[in-house]
Amino acid sequence: MSESAHLVGLIMGSKSDWPVMEHAAAILEEFGCEVDARALSAHRTPDAVESWVEDVTGRGAVAIIAGAGGAAALPGVVAARTQVPVLGVPIPAWSLDGLDSLLSIVQMPGGVPVATFSIGKAGAKNAALFAVAIIAATDGEMAERLRVFRQRQADEVLADPDPRP
């Protein structure tokens, strides 16, 4: 990673969240971002969460993507500790297919925002693309990479728009 790479924090409540959050990491790395990924629990390791947030923001993170399942407190805890944009990804957990996580993350009290994305893999990808868009707002090179990415998506659809097999 080059010294000029944009840093994005990626935190999840446990290692079992990685199969969802790895999709965010892959998008960020595709765009040349530096990713600092951690599995830390808002409930079991609150001091470690706070220390990591201070460290990653102190090193210039432009956004933090926080994935959590169940009670999904992690994105809110992170948001309470930083002014850096926090992007929440609900992780499907042991009940309700992630709906419980979505509702937990999206219901932050006024004044402590967490941008909340869809449940699971699509949410992780979109959170990463949103972080890239935040960077692209002030970085012309990143804006061009994002434009090319979106054009490539459009071209793939237009290459074969006939839905019949």
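Each remark here, short or long, concerns the structure printed above.
Residues numbered from 1 in each chain as written. Predicted model: local features only at pLDDT ≥ 70, side-chain atom pairs only at ≥ 80, totals over all residues. Heavy atoms only, no water.

A.B. asks: Which residues make up the overall build of the chain, and what values go with them?
C.D. replies: Secondary structure summary: the chain contains 6 helices and 5 strands in total. Starting at the N terminus and walking to the C terminus, you meet the elements of the chain as β-α-β-α-β-α-β-α-β-α-α. Expected size for 165 residues packed as a compact globule is a radius of gyration near 15 Å; at 16 Å, the chain falls within 12% of this value. Along the longest, intermediate and shortest principal axes, the C-alpha atoms of the chain span 50 × 40 × 30 Å. (Helix = DSSP H or I, 4+ residues; strand = E, 2+ residues; numbered from the N terminus. Rg over C-alpha atoms; globule rule 2.2 N^0.38 Å.)

A.B. asks: Can you explain the packing of aromatic side chains? Please cite residues and give values.
C.D. replies: Between two aromatic rings, the relevant description is the distance of the centres plus the angle of the planes. On inspection of all chains with the given rule, the structure shows 2 aromatic pairs. Ring centres of Phe-117 and Phe-130 lie 5.5 Å apart, and the angle between their planes is 65°; on these two criteria the pair is classed as edge-to-face. Of the two residues, Phe-117 is situated in the loop between strand E5 (115–116) and helix H5 (121–136) and Phe-130 in helix H5; the sequence distance between them amounts to 13 residues. What makes Phe-117 buried here is its relative accessible area of 14%. (Phe/Tyr/Trp six-rings, centres within 6.5 Å; stacked < 30°, edge-to-face > 60°. Buried < 20%, exposed > 50% of the residue type's maximum accessible area, 1.4 Å probe, protein only.)

A.B. asks: Residue-level account of a nonpolar patch on the surface, with values.
C.D. replies: There is a patch of nonpolar side chains on the surface, built from Leu-96, Leu-99, Leu-103 and Val-106 and spanning about 370 Å² of accessible area. Summarising the element assignment, Val-106 is placed in helix H4 (residues 99–106). (Patch = residues over 30% accessible without salt bridge, like charges linked within 9 Å, V, L, I, M, F, W, Y side chains within 5 Å. Areas by Shrake-Rupley, 256 points an atom, 1.4 Å probe, with all protein chains shown as cover. Salt bridge = Lys/Arg side-chain N within 4 Å of Asp/Glu carboxyl O.)

A.B. asks: Account for the layout of surface pockets, with residues named and values stated.
C.D. replies: For the largest pocket, the calculated volume is near 310 Å³. Along the wall of the largest pocket there are 20 residues; nearest its centre are Gly-13, Ser-14, Asp-17, Gly-69 and Trp-94. Class assignment of the residues belonging to the lining of the largest pocket gives a composition of 11 nonpolar, 7 polar and 2 charged. (1 Å grid on protein atoms, 1.4 Å probe; cavity = no way out; pocket = protein on both sides within 12 Å on 5 of 7 lines; lining within 4 Å. Points joined across faces, edges and corners; volume = space filled by probe spheres on them. Nonpolar A, V, L, I, M, F, W, Y, C, P; charged D, E, K, R; others polar.)

A.B. asks: Please give an account of the nonpolar core that cites residues and values.
C.D. replies: In this structure, Leu-28, Phe-31, Ile-65 and Val-89 are the most contacted members of the largest nonpolar core, which totals 28 residues. Looking at this core, the elements with two or more residues in it are strand E1 (7–12), helix H1 (18–30), strand E3 (63–69), strand E4 (86–91), H5 and helix H6 (140–159). Of the residues forming this core, the biggest block, 8 residues, is contributed by H5. With near-sequence residues (within four places) excluded, Phe-31 lies in contact with Leu-129, Val-132, Met-142, Arg-145, Leu-146 and Phe-149. Residues Leu-40, Ala-42, Leu-74 and Val-86 belong to the second largest nonpolar core, which totals 20 residues. (Core = buried A, V, L, I, M, F, W, Y, C linked by side-chain atoms within 4.5 Å. Contact = heavy atoms within 4.5 Å.)

A.B. asks: Can you explain the sheet that holds E1? Please cite residues and give values.
C.D. replies: The 5 strands are arranged E2-E1-E3-E4-E5 in an open sheet whose pairing can be described as parallel. A strand with exactly one partner marks an edge of an open sheet, and here the two such strands are strand E2 (34–39) and E5. Sheet analysis places E4 next to E5, joined by 2 bridges and oriented parallel. Each residue of the ladder has a partner; that of Leu-87, found in E5, is Ala-115. Along the sheet, helix H2 (residues 46–58) makes contact with E1, E2 and E3, crossing E1 at roughly 165°. Sheet strands in contact with H5 are E1, E3 and E4, and its direction is about 170° off that of E4. (Pairing = 2+ DSSP bridges. Axes fitted to C-alpha atoms, helices over the stretch in contact; angles between N-to-C directions.)

A.B. asks: Any chance you could break down the pairing of E1 for me, citing the residues and the numbers?
C.D. replies: In terms of residue burial, E1 counts as a mostly covered element, since 6 of its 6 residues are buried. Burial of E1 is two-sided: the residues Leu-7, Gly-9 and Ile-11 facing one way and the residues Val-8, Leu-10 and Met-12 facing the other way are all buried. Here E1 runs beside E2; their pairing, made up of 6 bridges, is parallel. Bridged to Met-12 within E2 is Ala-39. Taken together, E1, H1 and E2 constitute a β-α-β crossover, and its handedness is right-handed. Two elements, E1 and E3, share 5 bridges in a ladder whose sense is parallel. Bridged to Ile-11 within E3 is Ala-66. (Right-handed = clockwise from strand over helix to strand, strands pointing away.)

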